[in-house]
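Secondary and tertiary structure notes
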Amino acid sequence: VCFLGNGPSGICLSYLLSGYIPYFKRDSLHPHPILQKKLEEAPDVSILDQDLEYLSEGLEGRSHSPVALLFDTLQRPDTDFGGTAESVLTWWHETDRAIPHLVLGRNAPGGAWHSIEGSMITLSRGEWMGLPDLPFKDWLKQKRRGLRNNRATAEDIAQYYQHYVMKKGLQKNFRCGTVVTSVRKVSAESISNHTQEDLQDNSDSLQNFNEKSTEVFQVDGFFKSVRGDKEPFSIYAENVVLATGTYDSPTWLGVKGENLSYVHHQLSALEEAVKNNSIGIMSDPVLIVGAGLTAADAILFAHHCNIPVIHVFRRRVSDPGLIFNQLPKMMYPEYHKVHQMMKEQSAACAGPYERYVSLPEHHVLSFGKDKKCIFQDKNGYQRVYKISMALVLTGSNPNLFFLPNNGVDLAMDSAQPVNPKRNPIDVDPFTYECTQEKGLYALGPLAGDHFVRFVQGGALAVASSLLKKADKNPP
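Reference entry: report on the structure contained in this document.

What counts and how
- Residues numbered from 1 in each chain as written.
- Predicted model: local features only at pLDDT ≥ 70, side-chain atom pairs only at ≥ 80, totals over all residues.
- Heavy atoms only, no water.
- Pairing = 2+ DSSP bridges.
- Helix = DSSP H or I, 4+ residues; strand = E, 2+ residues; numbered from the N terminus.
- Axes fitted to C-alpha atoms, helices over the stretch in contact; angles between N-to-C directions.
- Phe/Tyr/Trp six-rings, centres within 6.5 Å; stacked < 30°, edge-to-face > 60°.
- Buried < 20%, exposed > 50% of the residue type's maximum accessible area, 1.4 Å probe, protein only.
- Lys NZ or Arg CZ within 6 Å of the ring centre and 35° of its normal.

**A few points about the sheet that holds strand 4 (residues 102-105)**
Taken together, five strands build an open sheet; the order of strands is 7-4-1-11-22 and the sheet is parallel. This sheet does not close on itself; its edge strands, each paired only once, are strand 7 (174-176) and strand 22 (440-442). Across the sheet, the axes of successive neighbouring strands diverge by a mean angle of 20°, strand direction being ignored. Pairing geometry for strand 11 (residues 240-242) and strand 22, over three bridges, is parallel.

In structure tokens, the structure reads:
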């Protein structure tokens, strides 16, 4: 099996495929009585070998995936009600049930968490960022640190994921510094005489194909060496797991002048500009486009540095779809503050917050070479502002250039590009196998699962499916 992506989804799946098998812990009591009754029916059968559809039936929560809700509630039984009940799972290391696999990633284990500004605080509570059988808060205690407002920094999370891979002995399955350029199906016959140019040092385990296989996946790419050389590789695998997330490709507005040098699509551009003093207190305002959490992080950062901001977004401030209207005020005081600013400081009426102007229900028409930007409101009224730099922070899309037709054929609507929120990859909800391409699996945001606590259920589903295929299920 070959995974593309070494973020939380890939790490969790590697743990499960390394022979770590979850069982219901005897004498545990789950607060969900129907689930408790089902778990007691087969205590000697691992969760991976049970009927996931049956176990997850009737569960409700903050995810649309039944298996995500199941694995989450087994690990954190009453967390949505503020409880701290222990996991009802116990883990056994059954080495004979391990499935050979490789996890390919550009960065160190943890994926995009290494690209996020280290001091950023996570949206999710710290304990929700943890992976199986190593609670995040226990790891943080070893560092003699506590959770601020129950939340953690991105740097903590990135370090925890690296620590997890080492602690659980998974590092032999990970190949970092790899870039995949192509994934395609080839006939098994055509490669039977081909030597596997593998990334593993002394094993050709990925080429031990099932005799029934007529087609396998060829994964091509290159490995970036310490010296900066690109060493090409080809891997052949019966099953490929897509776990590449969505951080790769920021969304563009598609307006005139968006490719000018002062228009950026990542928050790091603002941090860099402040660091090298190219913008400061006396600069023209920074334009921030978007009304999600990344845009809010940019506003907080600029506010902290006393940099003037013009904030443009399409929605009404009271729109229930706005993320700020879905977050509890007590737990997210800084985002609540941004929401207050958006409400109270519009261009139409001066409010208490200096150096910030909110333009709700506006969109950008164009960026000019003279750094003048034209906006339009819902009634067609236009405004022009001179700015120092623009940050378009309206989300990001997965970059699936390595798949035939950019992966469009795998999406729910195969006439539109893959989009994690509007058009994810179409997968079977209990195996996460792509409905359009057998042997190909999708995890995490690509399959519509967005929070670390919920991507793990997808890994459970994939592991269960692969164990069945490999005939590694006990009788």
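**Describing the packing of aromatic side chains**
For the coordinates displayed, the defined rule picks out ten aromatic pairs. Between Y262 and F367, the ring centres sit 6.3 Å apart and the planes meet at 80°, which makes this aromatic pair edge-to-face. Here Y262 is found in the loop between strand 12 (249-250) and strand 13 (263-264), whereas its partner F367 is found in strand 17 (residues 362-367), with 105 residues between them in sequence. For the pair shown, Y262 and F367 are each scored as buried. Among the aromatic side chains, those forming a connected cluster through ring pairs are Y15, Y20, F71, W91, F136, Y160, Y161 and Y164. Looking at K38, its charged tip hangs above the ring of Y54, at a distance of 4.8 Å from the centre. The ring of F222 has K230 sitting right over it, with the charged end atom 4.7 Å from the ring centre.

**What about the sheet that holds strand 19 (residues 382-386)?**
Pairing within the open sheet is antiparallel, and its three strands lie in the order 17-18-19. The strands lining the two open edges of the sheet, one partner per strand, are strand 17 and strand 19. Here the average twist between neighbouring strands, direction ignored, is 30°. Examined bridge by bridge, strand 17 and strand 18 (residues 372-377) share five bridges and lie antiparallel to one another.

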